[in-house]
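Residue-level listing of the chains:
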2 protein chains.
Amino acid sequence: MTKPNINTNMMHLGNVRSVIRETFEYGNKRAKEIGRENVFDFSLGNPSVPVPNEVHNTMLNLLQKGDPVKLHGYTSAQGAELTREKIAQNINARFNAGVDKNDIYMTCGAAASLTISINALACNDDEFIAIAPFFPEYRVFIEAAGAKLVVVEADTQKFQIDFEKLKSAISTKTKAVIINSPNNPTGVVFSEDTIKTLCSILKEESEKRGEPIYLISDEPYRELVYDDNTVVPYLTNYYDNTLVCYSYSKSLSLPGERIGYIVVCNKMEHNKDIYAAVCGAGRALGFVCAPSMMQQVVIESLGNTSDLSVYKTNRDLLYKSLTEYGYECVYPDGAFYLFVKSLEEDAGAFCEKAKEFDLLLVPSDSFGCKGYIRIAYCVTTEMIKRSLPAFKKLAECYKK
Amino acid sequence: MTKPNINTNMMHLGNVRSVIRETFEYGNKRAKEIGRENVFDFSLGNPSVPVPNEVHNTMLNLLQKGDPVKLHGYTSAQGAELTREKIAQNINARFNAGVDKNDIYMTCGAAASLTISINALACNDDEFIAIAPFFPEYRVFIEAAGAKLVVVEADTQKFQIDFEKLKSAISTKTKAVIINSPNNPTGVVFSEDTIKTLCSILKEESEKRGEPIYLISDEPYRELVYDDNTVVPYLTNYYDNTLVCYSYSKSLSLPGERIGYIVVCNKMEHNKDIYAAVCGAGRALGFVCAPSMMQQVVIESLGNTSDLSVYKTNRDLLYKSLTEYGYECVYPDGAFYLFVKSLEEDAGAFCEKAKEFDLLLVPSDSFGCKGYIRIAYCVTTEMIKRSLPAFKKLAECYKK
């Protein structure tokens, strides 16, 4: 039998399940064997709290009172004007960022925000830099756009950025740096100092080359921070050549509805051309417009978030308990992940060991940083409480 | 000022408005000057009838009774299992096509169905064939995937397929042929004879090369046919190497909600690999899953369509009137377009002339077939009645 004459890269991407998805499927199988309540599945970053009431009521209201032809009709490719206007107002009220409605392009969620931004910028042989640990799909998106991923090794002390390593990663081919704060998988928020140093390096390197290095800020977790004094800097205020990629998936618990946006900072040179390239990339990839009803829902939801307090409760409980049991873990200010040092060198083997206690964890290898596991704590607090004895026993296996 | 160092193809795509969109924007401007009721805008293929009541009620019901975390949560990348199962059952009940739920991949609408299918198949230098006249975005999607569009000139007698021209368009580089029936922009349905001849040529050419030529059937207008005896053949019943690209945009009047699917015919060789490539392409382009609530809505909507009777009324009225006034037009069995011969050689100039009567028509050039205009009759019948004197006067301008 001959091999299929199709795009084998795409075939490979479709055949290789992500380790996250595989762990999740194992959990479903295991739940059938021993009962859902006995499986402690921390694999998936799927919000566990419902949409805010206001958002729910807005949907009902739009359906009951809106004109269905308009409500479900095409919007312009960049998104409904009123939606973009209200989002710009909201961003400016919170961050004093000077965003205009015409800097905003509505997307089908964070993944689309990223693929569209990357395809808008990428020429052949371009390099995109990611700071480890990073969301594994960055590699997929960058390589599909014909560009190359360059990884900056993790700062395993604080999970900020190792700037010496960043500097040596930058080359004449660097098109952009992608950052993600609050971070998946560490939960860490980049400090203002980190952002300032990052931006000054990018400015210096851009000047040296006479061409900008762009900064892509992937921030679906922006609103998921748990301490009042945690500041998530708004990147366009620090660096002109910034594209902000946002999604409502986590803040409004709408991950399946695919709604988000891109902000092309209007202070960058050629910003109209770059916005046009974003529009062009959206068109070429097959995104006709972002889902129309959700574009209306967003208008009424600005300033709202789902009730995120359970995530804080979960973080506090897990962090306190795991460190008590002897696990090492960087303190996470946001997102809904803990990034815990594996108790043996091979994080994959450690996750296999954890399965013996029906703890489903994700090894860190695909995040570009070996020797850790990711715990997604967007689950019920009850499940976490039930899981604690298992975490304790797992730690005891490694005590001599 | 230097040029921006970004993807200039994407920039160009974003800067060049389609002639359809430009005409539509002109219409909005003109409506402000002389009143909406005096502008006869036939430019956009945006459904003018609301979603079926069943679909509307299903949405309300899901919101009122569904678990919001599940309803708005991620589905698997290929789509919710029950949705795929029900769609397969519905296809099989209608066309006896032997489709399995695992042959179906849910998408964000027809454009996504096409870009995903094309990216799954395309290797560098591959050629994709389209039959003129064709939807202009085919060129954008094919070229963005690194492949080349090859156009088969139109059969201007019946707007079926000129098979001699098709044969000479096929080369060793041909990866796939894209067809669209009922057709945008002609409204013509390919007859069963056309389909049979097409498929026998593709089989013969595939055997000659020892490698399949795929058939991509783009069919968002499948349910929009107006005479009971009009048959739209289901392509997997005629040709194994078929991918069906479907969208609910037109049949359920949900164009802004971005919901559709791909069927990878399970009779083709390597069908599992090709399905995997579809999954991989969806992943690489940034489509995480199709909008989740709409996936549920589809389950309850199978077999339903919006009330399409107004489109038939419109077609009958326009076809009868225009041919009476002396226009030449192929009789359209479906979709919501009339493809009318321009009364002067340059269809663009003819459309400019039509604007003097506030008739907004789209010249056929970008559809790969010069000398015609497209009339999108997904408008109110009242508007068509009001527009008839203008069409009459326009024709009279060209009578000597």
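Residues numbered from 1 in each chain as written. Chains lettered and ligands numbered in written order. Predicted model: local features only at pLDDT ≥ 70, side-chain atom pairs only at ≥ 80, totals over all residues.

## Considerations on the overall build of chain A
- Each helix and strand counted, chain A has 14 helices and 12 strands in total.
- Against the globule reference of 21 Å for 400 residues, chain A gives a C-alpha radius of gyration of 21 Å, in line with a compact fold.
- For chain A, the proportion of its 400 residues judged to be buried stands at 56%.
- Long-range contacts, defined here as pairs at least 24 residues apart, represent 75% of the contacts in chain A between residues at least 6 apart. (Helix = DSSP H or I, 4+ residues; strand = E, 2+ residues; numbered from the N terminus. Rg over C-alpha atoms; globule rule 2.2 N^0.38 Å. Buried ≥ 20, exposed ≤ 12 C-beta atoms within 10 Å, placed from the backbone. Contact = placed C-beta atoms within 7 Å.)

## A closer look at the relation of the copies chain B and chain A
- Aligned on chain A, chain B shows an RMSD of 0.0 Å; the corresponding rotation is 180° and the shift along the axis is 0.0 Å. Both copies of the chain, as the preceding transformation shows, are related through a two-fold rotation axis.
- An overlap of 100% is found between the interface residues of chain B and their copies at the interface of chain A, pointing to a shared contact surface. (Least-squares fit on C-alpha atoms with pLDDT ≥ 70 in both.)

## Let's talk about unusual backbone geometry
- With omega at -10°, the peptide bond leading from A132 of chain A into P133 of chain A counts as cis.
- Positionally, P133 of chain A belongs in the loop between β3 (127-131) and α7 (137-144).
- The omega torsion across S181 of chain B and P182 of chain B is -10°, close enough to zero to call that bond cis.
- One can find P182 of chain B in the loop between β5 (174-179) and α9 (192-209).

## Digging into the interface of chain B and chain A
- Contact residues are listed per partner, giving 63 residues for chain B and 64 residues for chain A.
- A per-element tally of the side of chain B that touches chain A places helix α10 (residues 271-285) of chain B first, with 11 residues.
- Its residues placed into classes, the side of chain B that touches chain A shows 38 nonpolar, 20 polar and five charged. (Nonpolar A, V, L, I, M, F, W, Y, C, P; charged D, E, K, R; others polar.)

## Digging into the nonpolar core
- Counting residues in hydrophobic clusters, the biggest one holds 276 residues, and the most contacted among them are V278 and Y377 of chain A together with V278 and Y377 of chain B.
- Aside from chain neighbours lying at most four places away, what touches V278 of chain B is G14 of chain A together with Y105, I116, S117, A120, I262 and V264 of chain B. (Core = buried A, V, L, I, M, F, W, Y, C linked by C-beta atoms within 7 Å.)

## Some remarks on the sheet that holds strand β9 (residues 337-341) of chain B
Residue and element names in this part refer to chain B.
- As summarised here, the arrangement of the three strands in space is β9-β12-β11, forming an open sheet in which the pairing is antiparallel. One side of each edge strand has no neighbouring strand; the edge strands of this open sheet are β9 and β11 (362-363).
- Relative to strand β12 (residues 372-376), β9 runs antiparallel, the two being bridged by five bridges. Pairing of Y337 across the sheet is with A376, part of β12. (Pairing = 2+ DSSP bridges.)

## So, the packing of helix α6 (residues 109-121) of chain B against α10 of chain B
Residues and elements named next belong to chain B.
- As a packed pair, α6 and α10 sit with axes 8 Å apart at the nearest point and diverge in direction by 115°. As for how α6 packs across α10, the hand of that crossing is right-handed. Counting all contacts with α6, which are made through T115, I116, S117, N119 and A120, the residues of α10 involved are I274, A277, V278, G280, A281, G282, A284 and L285.
- Split by residue class, the contact of α6 with α10 holds eight nonpolar, five polar and no charged. (Axes fitted to C-alpha atoms, helices over the stretch in contact; angles between N-to-C directions. Left-handed = near helix turned anticlockwise from the far one by under 90°.)

## Quick look at the packing of helix α3 (residues 53-65) of chain A against helix α3 (residues 53-65) of chain B
- Close contact between α3 of chain A and α3 of chain B brings their axes to 10 Å; oriented N to C, the two are set at 160°. When the interaxial angle is binned, α3 of chain A and α3 of chain B end up roughly antiparallel. Note on packing geometry: the crossing formed by α3 of chain A with α3 of chain B is left-handed. Across from H56, M59, L60 and L63 of chain A in α3 of chain A, the residues of α3 of chain B making contact are H56, M59, L60 and L63 of chain B.
- Taken together, the residues of the contact of α3 of chain A with α3 of chain B break down into six nonpolar, two polar and no charged. (Parallel < 35°, antiparallel > 145°, perpendicular 65-115°, else oblique.)

## Some words on the confidence of the model for chain A
- Across chain A, the average pLDDT comes to 95, with 100% of residues at 70 or higher.
- Two summary scores accompany this predicted model of the complex, namely pTM at 0.96 and ipTM at 0.95. (pLDDT = per-residue confidence, 0-100.)

## A closer look at the domain arrangement of chain A
All names here are of chain A.
- The domain architecture assigned to chain A consists of domain 1 (8-51 + 307-397) and domain 2 (53-301).
- On the side of domain 2, 30 residues touch domain 1, which itself brings 27 residues to the contact.
- Elements supplying a minimum of two residues to the side of domain 1 that touches domain 2: α12 (309-324) and β9 (337-341). (Domains from an automatic or database assignment.)

## With respect to the sheet that holds strand β11 (residues 362-363) of chain A
Residues and elements named next belong to chain A.
- If you trace the three strands from one edge of the open sheet to the other, you get β9-β12-β11, paired in antiparallel fashion. Of all strands in the sheet, those with a lone pairing partner are β9 and β11, marking the two edges.
- Both β11 and strand β12 (residues 372-376) contribute to a ladder of two bridges, which runs antiparallel. Counted as the bridge partner of V362 is R374 from β12.

## What to know about helix α13 (residues 347-355) of chain B
Residue and element names in this part refer to chain B.
- Looking only at α13, the buried set comprises A347, F350, C351 and A354. All buried residues of α13 lie within an arc of 100° about the axis, which places them on one face of the element.
- Along its buried surface, α13 packs onto β10 (359-360), β11, β12 and α14 (381-397). (Arc of directions from axis to C-beta.)

## A few points about the pairing of strand β2 (residues 104-107) of chain B
- Across four bridges, the pairing between β2 of chain B and strand β8 (residues 260-264) of chain B is antiparallel. Counterpart to T107 of chain B in the pairing with β8 of chain B is G260 of chain B.

## Some details on helix α1 (residues 8-15) of chain A
- For α1 of chain A, the set of buried residues is M10, M11, L13 and G14 of chain A. One side of α1 of chain A carries all its buried residues, which in axial view fall inside an arc of 160°.
- Where α1 of chain A is buried, its residues touch α7 of chain A together with α6 and α10 of chain B.

## Looking at the environment of M10 of chain B
- In this structure, M10 of chain B sits in helix α1 (residues 8-15).
- Measuring from C-alpha to C-alpha, the distance between M10 of chain B and I179 of chain B comes to 25 Å, with 169 residues separating the pair along the chain.
- Those residues within four positions of M10 of chain B in sequence are excluded, and the remaining contacts are N119, A120, A277, G280, A281 and A284 of chain A.

## Points about the environment of I259 of chain B
Residue and element names in this part refer to chain B.
- Note on placement: I259 falls in the loop between β7 (242-247) and β8.
- Put simply, I259 and P185 are 74 residues apart on the chain and 22 Å apart in space, counted from C-alpha to C-alpha.
- Once residues within four sequence positions are removed from consideration, I259 is found in contact with G109, Y248, L254, A290, P291, M294 and V298.

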